[in-house]
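Take a look at the letters that make up each chain.
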Amino acid sequence: MPDAGVAGAAAHTCPRCGTEVAASLLACPSCHALTHAEALKGLAAQAESAERGGDITGALTRWRAALDLLPETTKQHATIAQRVAGLSRQVDSGPRPGPGAPAAG
């Protein structure tokens, strides 16, 4: 996917309303549809799969990438930021024994 911050990047047409949207925008200025909706769905699926598999670092990487594709004023951004904070606390608290690991002590 091209970097949205690249100078001179081509504008695209919003699939929801047909408005021309500058490549640097994260949402359509007319209908507010998220510019990177499909990429966000993919990142969310990957992050959730990583979490289910116990790969907290992988989940964090994908959730953080998703944050970069969302306007900071959206509910989605706030929700994912909270999730990133929670996962970061898990990483900071150290590894947890996985299923079948011997009990400490």
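What you see is a predicted model, and the numbers here were worked out from it, not measured in a lab. (Residues numbered from 1 in each chain as written. Predicted model: local features only at pLDDT ≥ 70, side-chain atom pairs only at ≥ 80, totals over all residues. Heavy atoms only, no water.)

> Outline the side chain of serine 88, listing residues and values.
Here serine 88 shows up in helix H3 (residues 75-92). Apart from the residues lying within four places of it in its own chain, the contact partners of serine 88 are Leu60 and Arg64. (Helix = DSSP H or I, 4+ residues; strand = E, 2+ residues; numbered from the N terminus. Contact = heavy atoms within 4.5 Å.)

> Just give me the short version of helix H2 (residues 56-68), but keep the residues and values in it.
Taking 1.5 Å per residue, 13 residues should reach 18 Å; H2 reaches 19 Å between its end C-alpha atoms and fits that length. Taken residue by residue, H2 has Ile56, Gly58, Ala59, Leu60, Trp63, Ala66 and Leu67 as its buried positions. Looking at the buried residues of H2, the elements they touch are helix H1 (37-52) and H3. (Expected span 1.5 Å × (residues − 1). Buried < 20%, exposed > 50% of the residue type's maximum accessible area, 1.4 Å probe, protein only.)

> Mind laying out the state of the cysteines, listing which residues take part and the relevant values?
In protein chemistry, a disulfide is the covalent bond that joins the sulfur atoms of two cysteines. Per the stated rule, a full pass over the model turns up 0 disulfides. Of all cysteine sulfurs in the structure, the one in cysteine 31 sits closest to cysteine 14, which takes part in no disulfide; the separation is 3.6 Å. In this structure cysteine 14 comes out as buried when scored by relative accessible area, which is 5%. Judged by relative accessible area, which is 21%, cysteine 31 ranks as partly exposed. (Disulfide = S-S within 2.5 Å.)

> Outline the environment of cysteine 14, supporting the account with residue identities and numerical values.
Counting through the fold element by element, cysteine 14 comes out in the loop between strand S1 (12-13) and strand S2 (20-21). In this structure, the C-alpha to C-alpha distance between cysteine 14 and cysteine 28, residues 14 residues apart in sequence, is 6.5 Å. In contact with cysteine 14, not counting residues within four places along its chain, are Thr19, Val21, Cys28, Cys31 and Ala33.

> Mind laying out the pattern of salt bridges, listing which residues take part and the relevant values?
A complete count under the given rule lists 3 salt bridges for this structure. Arginine 83 is the salt-bridge partner of glutamate 48, the closest N and O atoms lying 3.9 Å from each other. Highlighted residues: glutamate 48 in helix H1 and arginine 83 in helix H3, separated in sequence by 35 residues. According to the relative accessible area criterion, glutamate 48 is partly exposed, its value standing at 32%. Using a relative accessible area of 33% as the deciding quantity, one classes arginine 83 as partly exposed. For glutamate 51, the salt bridge identified is with arginine 83, shortest N-O distance 3.1 Å. A residue pair is termed long-range when its members are at least 10 positions apart, and glutamate 51 in helix H1 and arginine 83 in helix H3 qualify at 32 residues. (Salt bridge = Lys/Arg side-chain N within 4 Å of Asp/Glu carboxyl O.)

> Before we move on, could you go through unusual backbone geometry and cite the residues and values that matter?
Here histidine 32, not a glycine, exhibits a phi torsion of approximately 70 degrees, which is positive. With respect to the helices, strands and loops of the structure, histidine 32 is situated in the loop between S2 and H1.

> I'd love a proper account of the nonpolar core, names of residues and values included.
In this structure, Trp63, Ile80, Val84 and Leu87 are the most contacted members of the largest nonpolar core, which totals 16 residues. Mapped onto this core, the elements with two or more residues apiece are H1, H2 and H3. The element best represented in this core is H2, accounting for 6 residues. Excluding residues within four positions of it along the chain, isoleucine 80 makes contact with Trp63, Ala66, Leu67 and Leu70. (Core = buried A, V, L, I, M, F, W, Y, C linked by side-chain atoms within 4.5 Å.)

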